[in-house]
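Fold and contact review
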Amino acid sequence: MYQLSKKGCNYNRKHIKSSFFKIFLYMSYTHIQLYILLCHAHPVLCFTNQGQNIRSAILFFLFQLCLVDAAHSSPTNFVVVLVDDLDVVVTSPFYKDIMPNTVSLKSEGLYFENAFATTPTCCPSRSSLLSGRYTHNTGVEANRGPWGARKRFLDDEDRTIAAHLESIGYFTHISGKYLNGFEAKQLKKENRLPLYPSGWTDGDVFASPKAKFNYSGYRYTLVSWSNITGENATQDFSRRAQVKIYGEDPEDYANDVIFKKSLDFMKRATNEGSPFFSYIAPTCPHYPMPPAPRHKKQSKEFIGELPINRPNFLNLDNEPQWIFDSRKSRGFIRKIGGLTCLFTKALCPKGSPFKGFHKVDWRNRMGSMLSCDEGIRDVVKYLKESNQWNNTLLIFLSDNGYNFGAHTLWQKTTPNEESIRVPFLIASGLPLKEKGVVRSDWVLNIDVMPTLLDFANLPIPEEIDGLSLKDTLSVGTPLNRDQFLIEYSGYGYDQTTMEEKIRKSRDILPYRAIRKKIGNSVYKYIKWAPWRGVQDEQLFELTSDPWEMNNLIGQKNFSPILNKLKWELQGLEFCSGSSCH
C-alpha cells in the first residue's frame, strides 16, 4: 500500500483519509520488512534484548520520517479553469475590465504571455489538454463526425489527468463543458457510449439533449453525479446520477451554476480530508453566451470602440485560395468603398449591417466574462478561507483563441495568431520561485497534464507530448521550447464533400503548421491541404509581421528558412513523447 521513494511516503488508495492512519500503515509495512531482514541475517540476535532495541530504533526512525513527510509534503490540490474561445490578440487589452479578479492573481503567480493551443478548436484542444498529447496522437481531430467528439476519446479516458490523480487518492471533479458528443443517455446498439468518463469521482457536465443551449446560458442539460458523500451514497452509482434541464430564471444562469457546483465539490473534498482536482469549464465567452442579468448594463457601458481597426481585419491580401473562394458564404464581399454583410443567418440578422452583428457578439463576449471572473474570485476566496490556498495550484487558460474577423475569418480553428494564442496564468500559495512575473517561455495546452502529474509526484508517461512546467515554477528554469506543431485534420470528409462544406463556411481547410524560433526571429510555416488541385503554402516572419500580412513564399532569400521549416514540420507531424519536445 505504501512505498518509500525519493519523493516521500506516497499512498495509493483513495479512501485512506487519516494522516495518522497512513503513517501507521507505512511504519507497520516497512518495519516488518526491515525486521525480517535483521532476523534473516542474525537469527539469534533477532530475539535478544539488543534485537528488540534495534527494532524500536527502526520504528522510531520511520515514525519521525513520515511525520516530517506528512508535515511538509502534503498533496497539492489542483484547480484548472478553462474558458471557451477567449483570445489574447484582440481581447487582452480589455482583460482588466472584464476579468479584474483574475488579472489580480498575476501577483500571486506567473503569467505566460506566449501560450498556445496546438489544435485551436474546442473538442481537439480539450482532449489534448486532458491527455497531454497532440491531436494526431489522441485521434480527436474535430468537434463531431467520424474523426471527432467524445467517441474518439474513449480509449484515452482512463489515462487523463483525472484518471492518474484519482488512482492515487485524489477526489476529482469536472464542471461544465467536457467534450462534444457527451450524452445524457447511452446511445443505442454499436454506437453505445459510457455515460460517465472514467477518472472523475464527481461531475456536473453539459450534455445532450438540449446541447445547443450549452452556450446560451439557459435551458441547458446538466448530468451530475457524486462518488464522495451524500444521503444516497450507498446506492448504485447509476442511480445516484441526475439529469436536469435548467430553466430561464436568473439563478439558472450557466456560468454561476458551474462555479457553484465546483465550490460545493471542493468543500466536500476538504471535509473528507482528501486532495482534490477541480476542472472548471464554463462556456464563457463562446457565442452566443449572454451576460448574467446583473451585468447587462455594465456590459453595454464598457463596450467602447469595436476592435475592428486592425490591419488584417477582413483583409484578403495574400490569403490562400480556399479563403478567397469561400468569402461570400462567410459574409464578406468586396465593394467600392468597403465591405458589407450578406445578411446570412450564420453572421447577421436580416437588415443589419456587419457591424451590428459584430457589436452583439463583442458585447456578449465581454459581459459573459464578468460572471466567470466572479466565479474565480469566489473559488480563490474559499481556498484562502479554508487554508487550502497555500497548497493549491490554479491554472487559468482558454481552449483556443478567436479570429474576430482576422483574414475574413470569424471564429477559430485556423493557425493564425488570433486563433492559437490563449491566456495562461498560474497562481498559487505554494512557494514558487517567482511571483508577479510575466514570462516569455512558449507554453502549450498539452503542458497542463505533465505539470500536474509532476506536482503530484507522479511519473510522467513516455507517451506525453507536452512538457512539465514544475521546474520553471519552482526554481525558475527556462522551458527552452523553440518550436511546436499546429494541426487540424477536419471532419474526415471526401474531397468533394469537404470543398462543399468549406464553400458554405461550415469548415476550415485542414493544415499542418510549425511555429519556430530561428535566430532572433519567429517564423510560421503553414502547409494547407490541397484545394481544387492546388496546395497553398504560407510563410510569415512574425517578429516584423505579427498580423501575418506578408506571405514570404517565393522570395528566394527566405528559401533556406523555408526548407528548414519544412524539414522540422515533417518531424513533428507524427511525433510522440520526447520526439515532440
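These lines cover the structure that appears in this document, whether it is placed above or below.

**Considerations on the overall build of the protein**
Counting its regular elements, the protein contains 17 helices and 18 strands. Taken over 581 residues, the protein has a buried fraction of 56%. Sequence-distant contacts in the protein: of pairs separated by 6 or more residues, those separated by 24 or more amount to 71%. As displayed, the protein offers around 25100 Å² of accessible surface, 52% of which is attributable to carbon and sulfur atoms.

**What to know about the environment of Glu-166**
Note that Glu-166 resides in helix α7 (residues 161-167). Remark: the alpha-carbon pair of Glu-166 and Pro-275, spanning 109 residues in sequence, is separated by 9.6 Å.

**So, the state of the cysteines**
By the definition in use, this model includes two disulfides. At a sulfur-sulfur separation of 2.1 Å, the disulfide partner of Cys-575 is Cys-580. Its S-S torsion of approximately 105° makes the covalent link between Cys-575 and Cys-580 right-handed. Each member of the pair, Cys-575 together with Cys-580, is buried. In this structure Cys-122 is not part of a disulfide, and its nearest cysteine sulfur, from Cys-123, lies 8.1 Å away. According to the relative accessible area criterion, Cys-122 is buried, its value standing at 2%. A relative accessible area of 0% means that Cys-123 is categorised as buried.

**Some remarks on empty space enclosed by the protein**
Picture a little ball the size of a water molecule; that probe, rolled over the atoms, points out where space is still empty. Taken as a whole and assessed by the stated rule, the structure comprises one cavity of 30 Å³ or more. Taken as a whole, the largest cavity encloses approximately 50 Å³ of empty space. If you go around the largest cavity, the residues you meet are Tyr-95, Met-99, Thr-102, Val-103, Lys-106, Tyr-111, Phe-396, Pro-423 and Leu-425. Broken down by class, the residue content of the lining of the largest cavity amounts to seven nonpolar, one polar and one charged.

**Overview of the sheet that holds strand β3 (residues 77-83)**
Reading across from one edge, β8-β7-β6-β5-β9-β3-β12-β13-β4-β14 is the order of the ten strands in this open sheet, with mixed pairing throughout. Edge positions in the sheet fall to β8 (242-245) and β14 (437-444), since each of these pairs with one other strand and no more. Neighbour-to-neighbour, the strand axes of the sheet open up by a mean angle of 20°, direction not taken into account. When strand β12 (residues 392-398) meets strand β13 (residues 424-428), the two strands line up antiparallel, connected through five bridges. Considered in β13, the bridge of Leu-394 is made with Ala-427. Lying over the sheet, helix α5 (residues 122-131) contacts β3, β9 (276-281) and β12, oriented at roughly 170° with respect to β9.

**Let's talk about the nonpolar core**
Of all hydrophobic cores here, the largest spans 53 residues; its most connected members are Phe-78, Phe-277, Tyr-279, Phe-424 and Val-448. Counting residues per element, this core draws most heavily on helix α14 (residues 448-455), which supplies five residues. Excluding its chain neighbours within four sequence positions, the residues that come into contact with Phe-277 are Phe-78, Val-80, Ile-161, Ala-162, Leu-165, Tyr-170, Phe-171, Thr-172, His-173, Trp-200, Phe-265 and Leu-452. Membership of the second largest hydrophobic core comes to 51 residues, among which are Ala-254, Met-266, Ala-269 and Ile-376.

**Some points on α5**
Across the ten residues that make up α5, a large majority, ten, are buried. Buried residues in α5 make contact with β3, α6 (135-138), α7, β9, β12 and α14. Two residues or fewer past α5, Gly-132 is found with a positive phi of approximately 75°.

**Section: the sheet that holds strand β17 (residues 521-528)**
Spatially, four strands are ordered β15-β16-β17-β18 in an open sheet, and the strand pairing comes out antiparallel. A single partner strand is all that each edge strand has here, and the edge strands are β15 (483-488) and β18 (537-541). Pairs of neighbouring strands in the sheet enclose a mean axial angle of 15°, with direction left out of account. In this structure, strand β16 (residues 511-518) lies alongside β17, joined through eight bridges in antiparallel fashion. Directly across from Ile-514, in β17, lies its bridge partner Tyr-525. Packing of helix α17 (residues 559-573) onto the sheet brings it into contact with β15, β16, β17 and β18, and relative to β16 it is tilted by some 120°.

**Some details on the environment of Gly-176**
Mapped onto the elements, Gly-176 comes out in strand β5 (residues 171-176). Separated by 46 residues in sequence, Gly-176 and Leu-222 have C-alpha atoms that sit 8.1 Å apart. Beyond its immediate chain neighbours, meaning those up to four positions away, Gly-176 contacts Asp-204, Val-205, Phe-206, Ile-258 and Ala-281.

**Focus on the pattern of salt bridges**
A complete count under the given rule lists 32 salt bridges for this structure. A salt bridge links Glu-548 to Lys-524; its shortest N-O distance comes to 2.8 Å. With Glu-548 in the loop between β18 and α17 and Lys-524 in strand β17, the pair connects residues that are 24 residues apart, well separated along the chain. One salt bridge in this structure joins Glu-573 and Lys-527, with 3.6 Å as the shortest N-O distance. Within this pair, whereas Glu-573 is found in helix α17, its partner Lys-527 is found in strand β17, the two being separated by 46 residues in sequence. Judged by relative accessible area, Glu-573 falls into the buried class, the value being 12%. The exposure class of Lys-527 is partly exposed, given its relative accessible area of 24%. Here the residues in one salt-bridge network are Glu-417, Arg-421, Arg-515, Lys-524 and Glu-548, joined through shared partners.

**Quick look at the pairing of strand β7 (residues 221-226)**
Among the six residues that make up β7, six are buried, leaving the element largely enclosed by the rest of the structure. Side chains Thr-221, Val-223 and Trp-225 project from β7 onto one buried face, and the interleaved Leu-222, Ser-224 and Ser-226 project onto a second face that is buried too. Where strand β6 (residues 202-207) and β7 come together, six bridges link them in antiparallel fashion. Considered in β7, the bridge of Gly-203 is made with Trp-225. Summarising the sheet, β7 and β8 pair through four bridges and their orientation is antiparallel. Paired with Val-223 across the two strands is Val-243, which belongs to β8.

Rules and cut-offs
- Residues numbered from 1 in each chain as written.
- Predicted model: local features only at pLDDT ≥ 70, side-chain atom pairs only at ≥ 80, totals over all residues.
- Heavy atoms only, no water.
- Helix = DSSP H or I, 4+ residues; strand = E, 2+ residues; numbered from the N terminus.
- Buried < 20%, exposed > 50% of the residue type's maximum accessible area, 1.4 Å probe, protein only.
- Contact = heavy atoms within 4.5 Å.
- Areas by Shrake-Rupley, 256 points an atom, 1.4 Å probe, with all protein chains shown as cover.
- Disulfide = S-S within 2.5 Å.
- 1 Å grid on protein atoms, 1.4 Å probe; cavity = no way out; pocket = protein on both sides within 12 Å on 5 of 7 lines; lining within 4 Å.
- Points joined across faces, edges and corners; volume = space filled by probe spheres on them.
- Nonpolar A, V, L, I, M, F, W, Y, C, P; charged D, E, K, R; others polar.
- Pairing = 2+ DSSP bridges.
- Axes fitted to C-alpha atoms, helices over the stretch in contact; angles between N-to-C directions.
- Core = buried A, V, L, I, M, F, W, Y, C linked by side-chain atoms within 4.5 Å.
- Salt bridge = Lys/Arg side-chain N within 4 Å of Asp/Glu carboxyl O.

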